[in-house]
Each structure stands twice: as C-alpha cells, then as structure tokens.
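Chains, contacts and geometry: an overview
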Amino acid sequence: MAKRRALIRKLTLKDAMFFFGPLIAFYAVFYLFSTGFLIYASLHRMSISLRNPRPVGLDNFRLLLTDPNFITALQNNIIFALIAIAAGLTIGFFIAVTLSAGIRAKSLLYAVFLLPTLMPLALIASVFRVLLESRFGGVNEALRAMGLDALAMNWLIDPTLAFGVVCMLFIYMIGLPVMYYTANLATINTSVLEAAVLDGARTRRLMREILFPLMKGTHRTIVLSTMLMSFRAFDIVFFSTQGGPAGTTEIAGTYVYRYSTTGTNIGYGSAAALVVMVVALIFATLQLLWTRGRS
C-alpha cells in the first residue's frame, strides 16, 4: 500500500495528460463542439441545409417558452420521471428483497426483470405498440377471443389510455433499480437483520424500518439515474405513441425531434434542445447537492 501511494505521488501532470489526453480530446470534439453548435444555431434561423443562417437573437427562445406544447412536454418528462422513481423505490425495492431472500426460480425471475433493461428501448416500445394496436393488437384480440369485447380499448388512440400506457412502459423498465438494490443487499451486515428477527421483528417491519433506511445511498443513485433517464427516453415515447394523441404523451425529446426534422427552422429545434439540456443539468446539480448535504 505504501509503495502504491509513493507511485501515485510521483505521477506528474505530463503523465496524467498522457493517459487522459485522448479522453479529454474526445469530449472536446463531440461534446463541446456540439454544445457550441447548439448555442450558435439557437440564435439563428436556418434550414436543414445549414446555409444562409439569419441572426434572430433570442426570438427562438421567446417562441419556445411561450409554446404550451413545449411546456406540456417538459411537464410530461417530470411526471414520467416521478412515476419511474416511485416505482423503483417501492416495487423495485420489494422485488430485490424478495429475490435476495432465496425464493425458487431466482435466476429466472432475475432474467425476467433485468432483460427489459438490457434490451433496446425502441424494440420494447415497438412490441408494446403492436400488442396494443386497437384493431388487430394481441391484447384486444385476446380479449375478444375470451368474449370480453367490452374491455377491448383504443389503447394508443384515447389520450388518457395512451398516457397510462407510457406510464406503464416507464414502470416496466424497473430492472436497473432491482440491480442496484440487489448489489447493495449483498453488502449489508446480516447480523443487524438477525438481531431484529430475534427481537420479534416481522418481514414488513424489517423492510420498512431496517432495510430501507440502510440503503440511502442506493435510493439517491436511483433517483438521479431515473431522472436523467427520463430526459433520454425518446425511444420509449416515439416508438409507442410518437408523442400522441394530440401531444398528450409528448416529451422534450420527441418535441425536439419533430421540429429538428421538419427542415424549416433548425434554430428553433436547437433552442429547444438547449433548454432541455439546461433543465436536465439543473435537476442533476440539485440532486448532487442534496446527496452531499445528506451524506
């Protein structure tokens, strides 16, 4: 250990740049340049060809922040994030504890919950879209076959039902919280639980008053990762409802995509992307500050 510390002290700035220089260059090209282009484009009106940009100052931002559809998209982002966080902290926690208790078919159940997280989101959303199609979707066909025609719904056409479908998709992506909790449970000192059991604590009390408080660090990780994931959940919404019907399930990602691919004003789409990025950074910063304050 002493030799390792002495070796670390001998590392110079030149050595550090040798190892981290390529990574810094990668970020400079792909992140700093992209952010700079977004800022430049958001202050101009330009077509998708990027030719003859016309400076418009902050007009794109004024139009954006007065567009009720964009405000709805941001609100949906936050709502979906809160639903996913609530599901992760409750259902995900319960599943992880149950699986860690050593029930039968433990490996199979782990695969069932973790597989959706490992699969492409676009594939999962597309499967849900096919299953919930109103005329020939698997869900409605199964209901009709059982004589439950009254329960066959326009799942992706009715605004309320479509919103509920997207919420279920976010809840379905619960594998990551389960993985985080499972990893944390493996490090918990079992003597604490054994003492509680000897004192007569039941399962519900063990989970609520002992296990759940012991996982504060995991809770914070799940809240932060899920919040940021909701701002990158373009695949989930686009391949299931495409933000419809009538913008009911629109999120910031689909909103930016629609205005960036029309080709009429790339600057407006860039302004929307920049605002979304700033909002996501604000949420991430607040979460990190909260985590430091509670640690």
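Quick caveat, the model's predicted, so the values are computed rather than measured.

1. Remarks on the overall build of the protein
Within the protein, the secondary structure is distributed over 15 helices and 2 strands. Within the protein, the fraction of its 295 residues that count as buried is 35%. Long-range pairs, those at least 24 residues apart, make up 66% of the contacts in the protein with a sequence separation of at least 6. For the protein, the accessible surface area stands at approximately 18000 Å², while carbon and sulfur atoms represent 69% of it.

2. Quick word on the packing of aromatic side chains
Geometrically, a pair of aromatic rings is defined through the distance of the ring centres and the angle of the planes. This structure, assessed with the given rule, holds 14 aromatic pairs. Measuring from ring centre to ring centre gives 5.4 Å for Phe93 and Tyr181, while their planes differ by 75 degrees; the resulting arrangement is edge-to-face. Remark: Tyr181 occurs in helix H9 (residues 175-185) and Phe93 occurs in helix H4 (residues 68-100); sequence separation between them is 88 residues. What links up through ring pairs into an aromatic cluster is the set Phe70, Tyr255, Tyr259 and Tyr268.

3. Looking at the confidence of the model for the protein
On average, residues of the protein score 82 in pLDDT, and 89% of them are at 70 or above. Confidence, expressed as mean pLDDT per element, reaches its minimum in the protein at helix H1 (residues 2-10) with 52 and its maximum at helix H8 (residues 159-172) with 91.

4. Observations regarding a nonpolar patch on the surface
On the surface, Met17, Phe18, Phe19, Phe20, Leu23, Ile24, Phe26, Tyr27, Val29, Phe30 and Tyr31 cluster together to form a nonpolar patch covering roughly 1200 Å² of accessible area. Mapping Tyr27 onto the fold places it in helix H2 (residues 13-42). Residue Tyr27 is classed as partly exposed on the basis of its relative accessible area of 43%.

5. Describing the environment of Leu176
For Leu176, the position within the fold is in helix H9. A sequence separation of 46 residues divides Leu176 from Ile222, and the C-alpha atoms of the two residues are 8.2 Å apart.

6. Some details on the nonpolar core
The biggest cluster of nonpolar side chains holds 39 residues, and the ones touching the most others in it are Leu64 and Phe70. For this core, the elements supplying multiple residues, two or more each, are helix H3 (59-65), H4, H9, helix H11 (203-214), helix H12 (216-230), helix H14 (252-261) and helix H15 (266-294). Setting aside chain neighbours within four positions, we find Phe70 in contact with Leu64, Leu65, Tyr255, Ala272, Val275 and Val276. Counting 12 residues, the second-largest nonpolar core is a separate cluster that includes Ile124, Cys167, Ala233 and Ile236.

7. Quick notes on H12
Taking 1.5 Å as the rise per residue, H12 with 15 residues should run 21 Å; its terminal C-alpha atoms sit 21 Å apart, in good agreement. Taken together, the buried positions of H12 are occupied by Thr218, His219, Arg220, Ile222, Val223, Leu224, Thr226, Met227 and Ser230.

8. Considering the side chain of Asn184
Inspection of the secondary structure assignment puts Asn184 in helix H9. A relative accessible area of 16% means that Asn184 is categorised as buried.

9. What to know about the layout of surface pockets
Its volume calculated, the largest pocket comes out at about 420 Å³. Phe231, Arg232, Ala273, Val276 and Met277 are the residues nearest the centre of the largest pocket, which is lined by 15 residues in total. Mapped by element, the contributors of at least two residues to the lining of the largest pocket are H14 and H15. Here the element with the most residues in the lining of the largest pocket is H15; it accounts for 6 residues. Class assignment for the residues of the lining of the largest pocket results in 12 nonpolar, 2 polar and 1 charged. Within this model, the second largest pocket holds a volume of roughly 320 Å³. Lining the second largest pocket are 19 residues; nearest its centre among them are Thr117, Met173, Leu176, Ser225 and Met229. Secondary-structure elements contributing two or more residues to the lining of the second largest pocket are H4, H8, H9 and H12. Its residues placed into classes, the lining of the second largest pocket shows 13 nonpolar, 5 polar and 1 charged.

10. A few points about the packing of helix H5 (residues 106-118) against H9
One can describe the packing of H5 onto H9 by two numbers: an axis separation of 7 Å at closest approach and a directional angle of 125 degrees. By the angle class used here, H5 and H9 are oblique. Here Tyr110, Phe113, Leu114 and Thr117 of H5 come into contact with H9, specifically with Gly175, Leu176, Met179 and Thr182.

11. A few points about the packing of H4 against H5
Each packed pair of helices is defined by two parameters, the angle between the axes and the distance between the axes. Contact geometry of H4 with H5 gives a least axis separation of 10 Å together with a crossing angle of 160 degrees. Classified by the angle between their axes, H4 and H5 sit roughly antiparallel to one another. Crossing hand, H4 versus H5: left-handed. Packed against H4, whose contacting residues are Ile95, Leu99 and Ser100, the element H5 presents Lys106, Leu109, Tyr110 and Phe113 at the interface. Among the residues forming the contact of H4 with H5, the class breakdown is 5 nonpolar, 1 polar and 1 charged.

Cut-off values and rules
- Throughout, residues of each chain are indexed from 1 in the direction in which the sequence is written.
- At least 70 in pLDDT is required for a residue's local features to be given in this predicted model, at least 80 for side-chain atom pairs to be given and counted, and no such filter applies to totals for whole chains, interfaces and linings, which use all residues.
- Only hydrogens and water are set aside; all other atoms, that is, all heavy atoms of the structure, feed into the side-chain values.
- Runs of H or I in DSSP of at least four residues are treated as helices and runs of E of at least two as strands, each being numbered from the N terminus.
- Only protein chains enter the accessibility calculation, which uses a 1.4 Å probe. A residue is then buried if its area is under 20% of the maximum for its type, exposed if over 50%, and partly exposed in between.
- Note on definitions: a residue-residue contact is assigned when non-hydrogen atoms from the two residues lie within 4.5 Å.
- Note on areas: Shrake-Rupley, 1.4 Å probe, and residue coverage restricted to the protein chains presented here.
- Each pair of aromatic rings taken from Phe, Tyr and Trp, with Trp reduced to its six-membered ring, is defined by centres within 6.5 Å and is described as stacked if the planes are under 30 degrees apart, edge-to-face if over 60, and tilted in the remaining cases.
- Scored from 0 to 100, pLDDT records how confident the predictor is in each individual residue.
- Grouping into patches uses exposed residues only, defined as over 30% relative accessible area, and leaves out salt-bridged ones; the cut-off is 9 Å for like charges and 5 Å for nonpolar side chains (Val, Leu, Ile, Met, Phe, Trp, Tyr).
- For salt bridges, the criterion is a side-chain nitrogen of Lys or Arg within 4 Å of an Asp or Glu carboxyl oxygen.
- Side-chain atoms within 4.5 Å are what join buried Ala, Val, Leu, Ile, Met, Phe, Trp, Tyr and Cys residues into a set we call a nonpolar core.
- Take the number of residues in a helix, subtract one, and multiply by 1.5 Å to get its expected span.
- Lining residues are defined by having an atom within 4 Å of a point belonging to a cavity or pocket. Those points lie on a 1 Å grid over the protein atoms alone, cavities being sets where a 1.4 Å probe fits but cannot get out and pockets being open sets with protein on both sides within 12 Å along at least five of seven lines.
- Grid points are joined across faces, edges and corners, and a volume is the space filled by probe spheres set on the points.
- Asp, Glu, Lys and Arg are counted as charged, while Ala, Val, Leu, Ile, Met, Phe, Trp, Tyr, Cys and Pro are counted as nonpolar; the rest, among them Gly, fall into the polar class.
- With axes taken as lines fitted to C-alpha atoms, and helix axes fitted only over the stretch in contact, angles between N-to-C directions fall between 0 and 180 degrees.
- For this classification, under 35 degrees means roughly parallel, over 145 means roughly antiparallel, 65 to 115 means roughly perpendicular, and everything else is oblique.
- Should the near helix be turned anticlockwise from the far one by less than a right angle, the crossing is termed left-handed; should it be turned clockwise, right-handed.

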